[in-house]
Amino acid sequence: MTSSASLEDSALMAENRKRTAELGMWIFLASEALLFGGLFLAYFVYRYSFPQAFAAGVRENDLILGTINTIILMLSALFMTLGILAAENDNKKSSLSCLIMTAFLGLTFLGIKSLEYSHKFQHHLYPGGVFMPEKNWPVGERIFFGLYFVMTGVHALHLLVGIGILAWLIFVLSHKPRVRDSTVWLYTFGLYWHYIDLIWIFLFPSLYLLGRFG
Amino acid sequence: MVSSPKNFLFLFLGLAGLTLATSGIALINLGGMNFPIAILIACLQASIIIYYYMHIQSAEILVKIFAVGTLLWLSILILLTFNDYFSRYWTTNPSLWP
């Protein structure tokens, strides 16, 4: 009798743990939404004040690299979800390989991003220093690229932290006999990972698309 | 509810297709429509991610309240600020008054 009661208790506790972890992550993501919301607000306020300069800034960004990076992040979200599904089925090998693929795609995104950063520095498209003396809208473009570096930088920092936590999760999971017990960890982390994807979905049109025409 | 790997693969293909579409549309001159179309596609992609990947449809009510609350605070932040910016010159230039 006691054993069945304690089994029920532990099942209830596991369910409560999942609910608490999920809610905790959503509260964190809500505060993050206001952080990025403030950056997007600054972006659109300045875009409203300097429309031509911001359109010129958008045209300086590489549309092909931006599109590839967007699809890479979406692919990483797919592998994250497949990793969680495999963990729910207690398939350790498949789960770990999916998570490693997720981390690898995250690193690929950062690699392409750093390539774009190096192009920007080569063309002096960064705030401070000698800033594009040949450009038509020096003030607005300075603000555009200031916001570009802050927004993509904060996003890349979140991704970097995510990859670090993911590496730690992969390490912990590889030492566990049953990955199914760690589903709550993966599920909660998955929310954060998809959230990074979500932010990029709005950064991409703001920084790469809007203003190529119109 | 989407829970099989195959369904998530279709979701990914849909998201990637929308990304290619929005990049392609950005290269076509649609005048004033480029901006709303890009934002609309981004919102569609975001909804897919929140609904299916972040499991908001199967989350409990408290989580849903936090998700909706986030949108509410964000809309206050953005709408009230732009209410100010769009109406800032109305008082100095009466010809712009509605």
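Since we're looking at a predicted model, the values are computed, not measured.

### Focus: the interface of chain B and chain A
By a widely used convention, the size of an interface equals the accessible area lost when the partners come together. Every contact between the two is made by 46 residues of chain B and, on the other side, 42 residues of chain A. Overall, the association of chain B and chain A removes approximately 4,000 Å² of surface from exposure, summing both partners, and the carbon and sulfur fraction of that is 83%. Looking only at chain B, the three residues that lose the most surface to chain A are B:Phe12, B:Tyr53 and B:Met54, adding up to 15% of its buried area. A:Arg19 serves as the salt-bridge partner of B:Glu60, at 3.0 Å between the closest nitrogen and oxygen. Seen at the junction of chain B and chain A, the total is two residue pairs in polar contact (both at pLDDT 80 or more). Secondary structure elements with two or more residues in the side of chain B that touches chain A: helix H1 (5-26), helix H2 (34-53) and helix H3 (61-87) of chain B. When grouped by side-chain class, the residues that make up the side of chain B that touches chain A number 33 nonpolar, 12 polar and one charged.

### Some points on the packing of helix H3 (residues 63-88) of chain A against helix H6 (residues 183-209) of chain A
Residues and elements named next belong to chain A. At a minimum axis distance of 10 Å, the contact between H3 and H6 shows a crossing angle of 165°. Considering their axes alone, H3 and H6 lie roughly antiparallel with respect to each other. Of the two elements, H3 crosses H6, and the hand of that crossing is left-handed. Class assignment of the residues belonging to the contact of H3 with H6 gives a composition of 17 nonpolar, 10 polar and two charged.

### A few points about empty space enclosed by the protein
Within this structure, the stated rule accounts for two cavities of 30 Å³ or more. Of the pockets and cavities examined, the largest cavity occupies roughly 60 Å³. In this structure, the largest cavity is lined by A:Leu209, A:Leu210, A:Gly211, A:Arg212, A:Phe213, B:Thr22, B:Ile25, B:Ala26, B:Asn34, B:Ile37 and B:Ala38. Contributions of two or more residues to the lining of the largest cavity are made by H1 and H2 of chain B. Approximately 40 Å³ is the volume found for the second largest cavity. Around the second largest cavity, the lining residues are A:Thr70, A:Ile201, A:Phe204, A:Pro205, B:Thr22, B:Ala38, B:Ile41, B:Ala42 and B:Gln45. Elements with a minimum of two residues in the lining of the second largest cavity: H6 of chain A together with H2 of chain B. Residue contributions to the lining of the second largest cavity peak at four residues, all from H2(B). Broken down by class, the residue content of the lining of the second largest cavity amounts to six nonpolar, three polar and no charged.

Cut-offs used in this document
- Residues numbered from 1 in each chain as written.
- Chains lettered and ligands numbered in written order.
- Predicted model: local features only at pLDDT ≥ 70, side-chain atom pairs only at ≥ 80, totals over all residues.
- Heavy atoms only, no water.
- Contact = heavy atoms within 4.5 Å.
- Buried area = accessible area lost by both parts, 1.4 Å probe.
- Salt bridge = Lys/Arg side-chain N within 4 Å of Asp/Glu carboxyl O.
- Polar contact = N/O pair within 3.5 Å; in protein donor to acceptor, adjacent residues only side chain to side chain.
- Helix = DSSP H or I, 4+ residues; strand = E, 2+ residues; numbered from the N terminus.
- Nonpolar A, V, L, I, M, F, W, Y, C, P; charged D, E, K, R; others polar.
- Axes fitted to C-alpha atoms, helices over the stretch in contact; angles between N-to-C directions.
- Parallel < 35°, antiparallel > 145°, perpendicular 65-115°, else oblique.
- Left-handed = near helix turned anticlockwise from the far one by under 90°.
- 1 Å grid on protein atoms, 1.4 Å probe; cavity = no way out; pocket = protein on both sides within 12 Å on 5 of 7 lines; lining within 4 Å.
- Points joined across faces, edges and corners; volume = space filled by probe spheres on them.

That is the geometry; function is a separate question.
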